[in-house]
Amino acid sequence: MMVKRGAILIKNGRVIDPSSKANTVLDIYIEGGKFSKIGKNLKASRLRSKASATERGAKVLDAGGKIVLPGLIDMHTHLREPGREDVETILSGSIAAVHGGFTSICCMPNTTPPIDDASTLNFVLEKARYAHCNVYPIAAITKERKGETLSEMAELKSLGAVGFSDDGKNIKDSLLMRRAMEYSLMLNVPIINHCEDESLSVGGNMNEGYTSTVLGLPGIPKESEEIMVARDLSLAELTGAKLHICHVSTKRSVELIREAKRRGVKVTCEVTPHHFTLTEEAVKSFNTNTKVNPPLRTKEDIKAIEKGLKDGTIDVIASDHAPHLSTEKEFEYGTAPSGMIGLQTTLPLVMKQLVERKILTLSEAVAKLTLNPAKILNLKKGQIKAGYDADLTIIDPKKQWQFTSEEIQSLSKNSPFIGWEFKGKAVCTIVGGKIEFEED
Ligand SMILES: [Zn+2]
Ligand SMILES: [Zn+2]
């Protein structure tokens, strides 16, 4: 059923839209869930088309002093439905998303059962209809994510999968990865890989090096990521497929991807906010919320990631939102599961670590949260353009606030950023012309 949405006129906001290079004060008129007009000094009374003449007058939002962005897209989110609805549901994850300024999220297939067949995919799509933001499923590359047999990729794509990944696990078998890439090429979807040579990382809890020795925790060498990045780049070059590499965490991975891009390999990649914010030093707290996979690395790696963000080697910033209950995280470091939530801290960490420190301009950062993921996933999103779905994120760049556990909308509260102070926050999130979040 088509939801009837009232018209909205957003006035006086500074519009930053990387696709049109806009960075100026503009008004935006939304009607029927789509962007209708974008321009200077629009007047509500003159805008209403015949179709809406019977409706009430447009709702006017004054965005003076605020920044208006295309709706943010997170291409790497873990929702725990089906299987662990106590940890996160598609609904609860979508509420956390809109509070964090995201209008679209892509959910990874490592659920129980995994999104590896039509019935589970359809289940997710059905639940997604009631979500507060757009939810696009990423389907598993292999059946049961076992790395043995390819899933019915063509069918899954035709039903709505936007990409394929066994995230959480690497595809060990190189021939199988080659076949997956060959199919993905025919289907025009990206293969999204979690690069980890598990024979090297098995049993590891944190980055391998001096700190892991001091803490007495088994390490994960950088090479476990880099070997698989190198292999996947070779296979992408061999097949011509579109490869997207998840959560790049090491200097050498960034360098390998940069070199491959120069050779014309169709590769894109992402970094998470925690990998450009925290180093292995954070593990010294033994706070299990700092346990992530890949692990937090070193200052040198962060420097390389910043350079990769600036020169375009790193295309996307993605949350890798991975909810776990505190009862699961309360074990000792070695036995706690990996992952942290991130939907509500991604934008503030981008502002704090990248924009305030002048690593990226706001427009460059926004491209990595809107236009670039939309292009990679073939979504008609990420731009403020007449005819496009009216997905918008309005941020207050001056708002000082603290991230507290009360702020967390996710069913799980596993974040090492609780208590952090931020400047800049999403204050209004509009999805398909509907206000899904508005801060009072
Ligand atoms: Zn992963
Ligand atoms: Zn993940």
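Worth saying up front: this structure is predicted, and the values here are computed from it rather than measured.

**Some remarks on the confidence of the model for the chain**
- With 96% of its residues at a pLDDT of 70 or more, the chain has an overall mean of 95.
- Across residues 51–55, confidence stays below pLDDT 50; counting only partners more than four residues off in sequence or on other chains, it has seven contacts.

**Here's the deal with the coordination of the zinc ion (ligand 1)**
- Taken together, Asp167 (OD), His194 (ND1) and His247 (NE2) make up the protein donors of the zinc ion (ligand 1), found 2.0 to 2.1 Å from the metal.
- Every donor residue of the zinc ion (ligand 1) comes from the same chain, spaced as D-x26-H-x52-H.
- Between the zinc ion (ligand 1) and the zinc ion (ligand 2), the interatomic distance is 3.5 Å, and Asp167 donates to each metal, bridging them. Placement of Asp167 in the loop between helix H4 (153–159) and helix H5 (174–187) and of His194 in the loop between strand E9 (191–193) and helix H6 (198–201) is noted, with a sequence separation of 27 residues between them.

**Some details on the coordination of the zinc ion (ligand 2)**
- Protein-derived coordination of the zinc ion (ligand 2) comes from His76 (NE2), His78 (NE2), Asp167 (OD) and Asp320 (OD), at a distance range of 2.1 to 2.3 Å.
- In this structure, the zinc ion (ligand 2) is surrounded by four donor atoms whose angles at the metal cover 83 to 167°, and the resulting shape is irregular.
- The sequence pattern describing where the donors of the zinc ion (ligand 2) fall on their chain is H-x1-H-x88-D-x152-D.

**Here's the deal with the packing of aromatic side chains**
- By the definition in use, this model includes five aromatic pairs.
- Residues Trp401 and Phe403 carry aromatic rings whose centres are separated by 6.3 Å and whose planes lie at 85° to one another, so their mutual orientation is edge-to-face. The exposure classification of Trp401 matches that of Phe403, with both residues buried.
- Measuring from ring centre to ring centre gives 5.4 Å for Trp401 and Phe422, while their planes differ by 35°; the resulting arrangement is tilted. Taken together, the positions of Trp401 in strand E15 (residues 392–402) and Phe422 in strand E16 (residues 421–431) put the pair 21 residues apart, joining distant regions of the chain. Taken as a pair, Trp401 and Phe422 share a single burial class, namely buried.
- Counting every residue linked through ring pairs, the aromatic cluster contains Trp401, Phe403, Phe417, Trp420 and Phe422.
- Positioned over the ring face of Trp401 is Lys425, at 4.9 Å from the centre of the ring.

**A closer look at helix H2 (residues 90–99)**
- With respect to burial, H2 is a largely interior element, seven of its ten residues being buried.
- Taken residue by residue, H2 has Ile90, Ser92, Gly93, Ser94, Ala96, Ala97 and Val98 as its buried positions.
- Next to the buried residues of H2 lie strand E7 (102–107), helix H3 (118–128), strand E8 (134–137), E16 and strand E17 (434–438).
- Gly101 sits one or two positions beyond H2 and adopts a positive phi of about 95°.

**Quick notes on the pairing of E7**
- Counting buried positions along E7 yields six of six residues, so the element is predominantly enclosed.
- Pairing of strand E6 (residues 72–77) with E7 involves four bridges; the strand directions are parallel. The partner of Thr77 across the bridge, within E7, is Cys107.
- Crossover E6 to E7 through H2 is right-handed.
- Of the strand pairs in this sheet, E7 and E8 are connected by four bridges, and their pairing is parallel.

Conventions used here
- Residue positions within a chain follow its written sequence, with the count starting from 1.
- Lettering for chains starts from A, numbering for ligands starts from 1, and both go in the order in which the items are written.
- With pLDDT at 70 or above as the cut-off, local features in this predicted model cover only qualifying residues; side-chain atom pairs require 80 or more to be listed or tallied, and sums for whole chains, interfaces and linings still use all residues.
- To obtain the side-chain values, all non-hydrogen atoms of the structure were included, while hydrogens and water were left out.
- On a range of 0 to 100, pLDDT expresses the predictor's confidence in each residue.
- In what follows, residue pairs with any heavy atoms lying within 4.5 Å of each other are defined as contacts.
- Water is not among the atoms examined, so metal sites may look incomplete; donors are the N, O and S atoms within 2.8 Å of the metal, or within 3.2 Å for Na, K and Ca.
- Here a strand is any run of E in DSSP of at least two residues, a helix any run of H or I of at least four, and the numbering for each starts at the N terminus.
- Note on geometry labels: four donors, all angles 85 to 135 degrees, give tetrahedral; four donors become square planar and six octahedral when opposite donors are over 155 degrees apart and every other angle is between 65 and 115; remaining cases are irregular.
- In this scheme Phe, Tyr and Trp rings, the latter by its six-membered ring, pair at centre separations within 6.5 Å, and the angle between planes marks the pair as stacked below 30 degrees, edge-to-face above 60, and tilted otherwise.
- Accessibility here uses a 1.4 Å probe with only protein chains present; expressed as a share of the type maximum, an area under 20% marks a residue as buried, one over 50% as exposed, and anything in between as partly exposed.
- Charge-over-ring placement is defined geometrically: NZ (Lys) or CZ (Arg) within 6 Å of the ring centre, and within 35 degrees of the ring normal.
- Between any two strands, pairing holds if DSSP finds at least two bridges.
- Assignment of crossover handedness uses the view with strands pointing away from the viewer, where a clockwise path from the first strand over the helix to the second indicates a right-handed crossover.

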